[in-house]
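Listed below are the residues making up each chain.
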Amino acid sequence: MQRLDAAREGATGRQILTLPLLAARLAGGFIAPASQEILYLAIRQALDAGGYEDIGKVSGLPGMPSAVLSALRSWWDAGTPTSIPDNARLRDFTVLERRVRETLPPGTMVPPDLFEAAVKRLHLAPNLLGPVTIHEVPDIRPVWRQFLAQLCDVVPVRWVASSHSRRSWFPGRTETAPAGLSLLVAADVCADPRSEVRDALRWARARIAEDGIPPEEIAITAASPTTWDDTFLVLAREAGLPLHFSHGIPALATREGQTCAALADILLRGLSQERVRLLLARVPPARENIPLDWAKGLRRSAALTRLQLWQHALERARAERADGDVAERTLLPVLELLAGGISEADRAGRRLLRGPALSLWQDALRMAPPQAIELSLQALRVDDGQEPGNTIVWGPAHHLASAPRKHVRLLGLEANAWPRRAIEDPLLAEHLLEDIRLPSADIADDDRMMHDIIVNQSADYTLSRGHRSATGALQAASTLWRRDQERIVGRSAIPRHAFSQSDRLYARPADAGKQPQVRSSRACWRAWQNSDRHTAHDGLVRANHPLIVGALADVQSTTSLHRLLAIRSDLSGSTHCIGASPTSTLNR
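## A closer look at helix H12 (residues 273-282)
Line of reasoning, step 1. Within the span of H12, buried status applies to Gln273, Val276, Arg277, Leu279 and Leu280. Buried residues of H12, seen end-on, are gathered within an arc of 165° and therefore sit on one face of the element. Opposite its buried face, H12 presents the exposed residues Glu274 and Ala281, each directed more than 90 degrees away.
Line of reasoning, step 2. Packing partners of the buried residues in H12 comprise helix H11 (255-269), helix H13 (307-316), helix H14 (326-339) and helix H15 (345-352).

## Focus on the sheet that holds strand E7 (residues 218-222)
Line of reasoning, step 1. Taken together, the seven strands give an open sheet; going across it, the order is E8-E11-E7-E12-E13-E6-E14, and neighbouring strands pair in parallel fashion. With partners counted over all chains shown, the strands left at the sheet margins are strand E8 (243-245) and strand E14 (486-488), one partner each. Put simply, the sheet's adjacent strands are angled 20° from each other on average, direction ignored.
Line of reasoning, step 2. Bridging between E8 and strand E11 (residues 392-396) involves three bridges; their strand directions are parallel.

## Focus: the packing of helix H3 (residues 36-48) against helix H16 (residues 355-367)
Line of reasoning, step 1. H16 packs onto H3 with a crossing angle of 35° between their chain directions and a minimal axis gap of 8 Å. As H3 runs across H16, the sense of the crossing is left-handed. Residues Glu37, Tyr40, Leu41 and Arg44 of H3 form the contact with H16, whose participating residues are Asp363, Leu365, Arg366 and Met367.
Line of reasoning, step 2. Residues of the contact of H3 with H16, tallied by class, amount to four nonpolar, no polar and four charged.

## Focus: the packing of aromatic side chains
Line of reasoning, step 1. Going through the model one piece at a time under the given rule, you end up with eight aromatic pairs.
Line of reasoning, step 2. A ring pair is formed by Trp294 and Trp310, whose centres lie 6.3 Å apart and whose planes are at 35°; its orientation type is tilted. Of this pair, Trp294 sits in the loop between H12 and H13 while Trp310 sits in helix H13, and the two are 16 residues apart along the sequence.
Line of reasoning, step 3. Take Trp294: its relative accessible area is 7%, and that puts it in the buried class.

## What about the environment of His407?
Line of reasoning, step 1. Examined against the element boundaries, His407 turns out to sit in strand E12 (residues 407-410).
Line of reasoning, step 2. Through-space distance from the C-alpha of His407 to that of Gln457 is 9.4 Å; in sequence the pair is 50 residues apart.
Line of reasoning, step 3. Contact partners of His407, with chain neighbours within four places excluded, come to Trp203, Arg207, Ile213, Glu217, Ile218, Ala219, Ala459 and Asp460.

## Some details on the side chain of Ser195
Line of reasoning, step 1. Position of Ser195 among the secondary structure elements: in helix H9 (residues 193-209).
Line of reasoning, step 2. Aside from chain neighbours lying at most four places away, what touches Ser195 is Cys190 and Arg491.

## Describing the pairing of E12
Line of reasoning, step 1. Neither face of E12 is exposed, since His407 and Arg409 on one face and Val408 and Leu410 on the opposite face are all buried.
Line of reasoning, step 2. Bridging between E7 and E12 involves four bridges; their strand directions are parallel. Note that in E12 the partner of Ile220 across the bridge is Arg409.
Line of reasoning, step 3. Note that E12 and strand E13 (residues 460-466) share four bridges and pair parallel. From the neighbouring strand, Val408 faces E13, where its bridge partner is Tyr461.

## Some details on the pattern of salt bridges
Line of reasoning, step 1. According to the stated counting rule, one finds 37 salt bridges in the structure shown.
Line of reasoning, step 2. Here Arg89 and Asp54 are joined by a salt bridge, their closest N and O atoms 2.5 Å apart. Separated by 35 residues along the polypeptide, Arg89 in helix H5 (residues 88-103) and Asp54 in the loop between H3 and helix H4 (64-77) bring together distant segments of the chain.
Line of reasoning, step 3. On the accessibility criterion, Asp54 (34% relative accessible area) is partly exposed.

Parameters at a glance
Residues numbered from 1 in each chain as written. Predicted model: local features only at pLDDT ≥ 70, side-chain atom pairs only at ≥ 80, totals over all residues. Heavy atoms only, no water. Buried < 20%, exposed > 50% of the residue type's maximum accessible area, 1.4 Å probe, protein only. Helix = DSSP H or I, 4+ residues; strand = E, 2+ residues; numbered from the N terminus. Arc of directions from axis to C-beta. Contact = heavy atoms within 4.5 Å. Pairing = 2+ DSSP bridges. Axes fitted to C-alpha atoms, helices over the stretch in contact; angles between N-to-C directions. Left-handed = near helix turned anticlockwise from the far one by under 90°. Nonpolar A, V, L, I, M, F, W, Y, C, P; charged D, E, K, R; others polar. Phe/Tyr/Trp six-rings, centres within 6.5 Å; stacked < 30°, edge-to-face > 60°. Salt bridge = Lys/Arg side-chain N within 4 Å of Asp/Glu carboxyl O.

Take a look at the structure:
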């Protein structure tokens, strides 16, 4: 949003940087902060080096690189400790951190090294940086505080933020952003997280359609949005609302992610006709010169779980394909590669994937060993392609606190959800750190601060919480909940403004009853309740139907007999055999 504001103001020459990029610019033109991709590779090499006292037994587990990356970021954000307690875990962690730093490519630095390099060149700040403005940043991690304090002695530095931001340590000039009206509209108690999403989209649609508020002034947020992400993804597409996921969408929700998932499925579980068809439906066969009719003549019921079975099946179906044996010559080498299993993950990805799909695949392989690629793909997120400058924003509270909006809806105001409980790092437990305090230990205070900033900067806001969780457990209200404005929103309540066509029909049963699909489903339900009479919903067809007569006239195999004599138990407990009476004898 800052770049959009700069463009609207015509601010030519204004540079918008994060603190690590600011320090890198001061440290030198070719210096860059270590990216996640580079850190994953360095962490895996450091873990593979071995020689650890305490973490050696778990260093090869699939989730270890992600856990180490999270611990390193918390450790670096906390700043350089004056002393480190002497225990096996921290000795291992110190060795691991040193190895990661040594493994990084030249010119790539982690935050503590960036800080030291930038401080050495502070005298160049007037020429390289000029006046610096910190805009709408709620808090700054300890690792950067000393850098900014020293920078204030060299160039003018001002910090524009809410009155609830943590700036007591800052020696530069501070400015308080103007507060909004902060009018609480309602505190809605919804049935569950899905109902919260539905009511949030109804609220957003009403603000746009009835109140004339532009989408770029509307935001929906939660302390941790994971619980609601999938529902927002589905319902927002159905509603056609311009909704931007500021924290990205799950990679598996994209076509490229599904392509990677199809490839991972084959490599992990082996060949099958269904898996190969699914993969080649997402990877264009023409990329490997495979003809489009490669599957012609293959029986769908054939499992084809081995390479030899594929070769035999393709040879038998050769006459039915237009290009003869071209499918065998092009497809079999690909199947041979896939049959190699997950050890061929890198080769298979480079051969079959391109563009964003290949980037996702390589990112997943960096995060963990190939055997855990399913977990890696589930953890990946990608940009949703929407611009925040003209859309409703959905994202975590710390994103919205850094770019406040006038009209906001806060979800998940339940106990232990907002504010969240302090999170103990799985590698750096608090009892091992003694006097060292990681930023993750202050997550509850951070959540309260984000709530106060969002509310303070808004013109109006609405709170929301679920009466039950997604699993049905009762949920208590948060300490931030406003009981004086509480109202119960029932599942069947008629909305002020429906967010989609299906939501409109849900709120108007008379209109819904005129839809062919609804009438058919109601007729099916009535037929199910009436167990004394068979209907078309039970598979009833007219007497002597030609297809049935023809099928029964053929010689039947054992499998066919099992399918024909499907036994159906109705609500009364009686059984019916299709094509046979209780006393009939079946002969081949």
